[in-house]
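Chain residues, written in single-letter form:
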There are 2 protein chains.
Amino acid sequence: MTRRRQDSDVCGVTAAIAVVDGKWKTALLWLLESGPHRPAELRRRLPGLSEKVLTEALREMAADGLVHREVYDVLPPKTVYSLTAFGRELAEALAPLSDWGHRRLERLAEAARPAS
Amino acid sequence: MTRRRQDSDVCGVTAAIAVVDGKWKTALLWLLESGPHRPAELRRRLPGLSEKVLTEALREMAADGLVHREVYDVLPPKTVYSLTAFGRELAEALAPLSDWGHRRLERLAEAARPAS
DNA sequence: CTGTATCCGGCGCGATACTG
DNA sequence: CAGTATCGCGCCGGATACAG
């Protein structure tokens, strides 16, 4: 996504996208929507996502109130991330956008097809 | 927004955000929603937006089928950009996200307030 | 396994100057 | 007024090594 790190703005869309800005956050939101996950699991699901970037993304999402970070003080270390109510609301607000995106993908697919 | 320039993905949200990726596209979408506009007018409304970046953004949005570019071959040059039906659908799909964003902004505002 | 610390390349975007 | 051409900075994100 875009480099949406913004200035002071009062646009709701901008304020919302700012929070899912970054290459992986939407995917993380989607994965966490199906239930709590541990970091290792998330990385397994998202090939190419490095530890550093994952941690950064989750920390920012936590700071934004989208996810909850539960730390168990045991050995080996165990941490579980889950969606907050606020995060779930965001996921729901994203649904219409998802529909539109799928329509766009269909368009692209049929545009790639030579003759219909 | 994020650097969402995507690889092959099947996520609708990603496909949608890819199209409004960039610092100004959501604002342009919003402005064009109220009717056709000429470049100079758009720049007047969006302080800080350079000619180059504006042209790039509009061209990309046109390529994505969001806006229509109407060129009048006169002097001085005249060009008018307007939203396509597809673009308007996107704007509508963005509405819930806008609502969520405003709720987030309210949160931030009251969090900044010392005592309630 | 979870998380931190650096280094560095790529590119989005802003500034500026110029053309038709 | 609409659009193009360069140049360069800032910062996100990938790679790697290391710590608890």
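The structure we're discussing is the one just above.
Just so it is clear, the structure is predicted and the values come from calculations on it, not from any experiment.

1. Description of the interface of chain A and chain B
Counting from both sides, the interface comprises 39 residues of chain A and, opposite them, 37 residues of chain B. Across the interface of chain A and chain B, roughly 3,500 Å² is buried in total on both sides, 63% from carbon and sulfur atoms. A salt bridge links Asp64 of chain A to Arg104 of chain B; the shortest N-O distance between them is 3.6 Å. Linking chain A to chain B there are six residue pairs in polar contact (both at pLDDT 80 or more). Looking at which element gives the most residues to the side of chain A that touches chain B, the answer is helix α6 (residues 95-112) of chain A, with 10 residues. The residue makeup of the side of chain A that touches chain B, split by class, is 19 nonpolar, eight polar and 12 charged.

2. What about the pattern of salt bridges?
Under the counting rule described, the total for this entry stands at 13 salt bridges over all chains. Across the salt bridge formed by Glu60 of chain A and Lys25 of chain A, the nearest N and O atoms sit 2.6 Å from each other. With Glu60 of chain A in helix α4 (residues 51-63) and Lys25 of chain A in helix α2 (residues 25-33), the pair connects residues that are 35 residues apart, well separated along the chain. For Glu60 of chain A, a relative accessible area of 33% gives the class partly exposed. Accessibility expressed as a relative area gives 3% for Lys25 of chain A, which makes it buried. Among the salt bridges present, the one from Arg103 of chain B reaches Glu89 of chain A, with a minimum N-O distance of 2.6 Å. Residue Arg103 of chain B is found in helix α6 (residues 95-112), and its partner Glu89 of chain A is found in helix α5 (residues 85-93); the two belong to separate chains.

3. What about the relation of the copies chain A and chain B?
In the superposition of chain A on chain B (RMSD 0.1 Å, axial shift 0.0 Å), the rotation amounts to 180°. Here the two chains are linked by the operation of a two-fold rotation axis. Of the residues that chain A buries at the interface, 95% are likewise interface residues in chain B, meaning the two copies contact each other through the same surface.

4. Quick notes on the packing of α2 of chain A against α4 of chain A
Residues and elements named next belong to chain A. Where α2 contacts α4, the axes come no closer than 10 Å and their chain directions differ by 70°. The orientation of α2 with respect to α4, classified from their angle, is roughly perpendicular. Of α4, the residues touching α2 (which contributes Lys25, Leu28, Leu29 and Leu32) are Leu54, Ala57, Leu58, Glu60 and Met61. Residue composition of the contact of α2 with α4, by class: seven nonpolar, no polar and two charged.

5. Here's the deal with α6 of chain B
An ideal rise of 1.5 Å per residue puts 26 Å on 18 residues; α6 of chain B measures up with 26 Å between its terminal C-alpha atoms. Considered for burial, the residues of α6 of chain B that qualify are Leu97, Ser98, Trp100, Gly101 and Arg104 of chain B. Taken around the axis of α6 of chain B, the buried residues stretch over an arc of 160°, which confines them to a single face. Facing away from the buried surface of α6 of chain B by more than 90 degrees, the exposed residues are Glu106 and Glu110 of chain B. The elements touched by buried residues of α6 of chain B are α1 (12-19), α5 and α6 of chain A.

About the thresholds
Residues numbered from 1 in each chain as written. Chains lettered and ligands numbered in written order. Predicted model: local features only at pLDDT ≥ 70, side-chain atom pairs only at ≥ 80, totals over all residues. Heavy atoms only, no water. Contact = heavy atoms within 4.5 Å. Buried area = accessible area lost by both parts, 1.4 Å probe. Salt bridge = Lys/Arg side-chain N within 4 Å of Asp/Glu carboxyl O. Polar contact = N/O pair within 3.5 Å; in protein donor to acceptor, adjacent residues only side chain to side chain. Helix = DSSP H or I, 4+ residues; strand = E, 2+ residues; numbered from the N terminus. Nonpolar A, V, L, I, M, F, W, Y, C, P; charged D, E, K, R; others polar. Buried < 20%, exposed > 50% of the residue type's maximum accessible area, 1.4 Å probe, protein only. Least-squares fit on C-alpha atoms with pLDDT ≥ 70 in both. Axes fitted to C-alpha atoms, helices over the stretch in contact; angles between N-to-C directions. Parallel < 35°, antiparallel > 145°, perpendicular 65-115°, else oblique. Expected span 1.5 Å × (residues − 1). Arc of directions from axis to C-beta.

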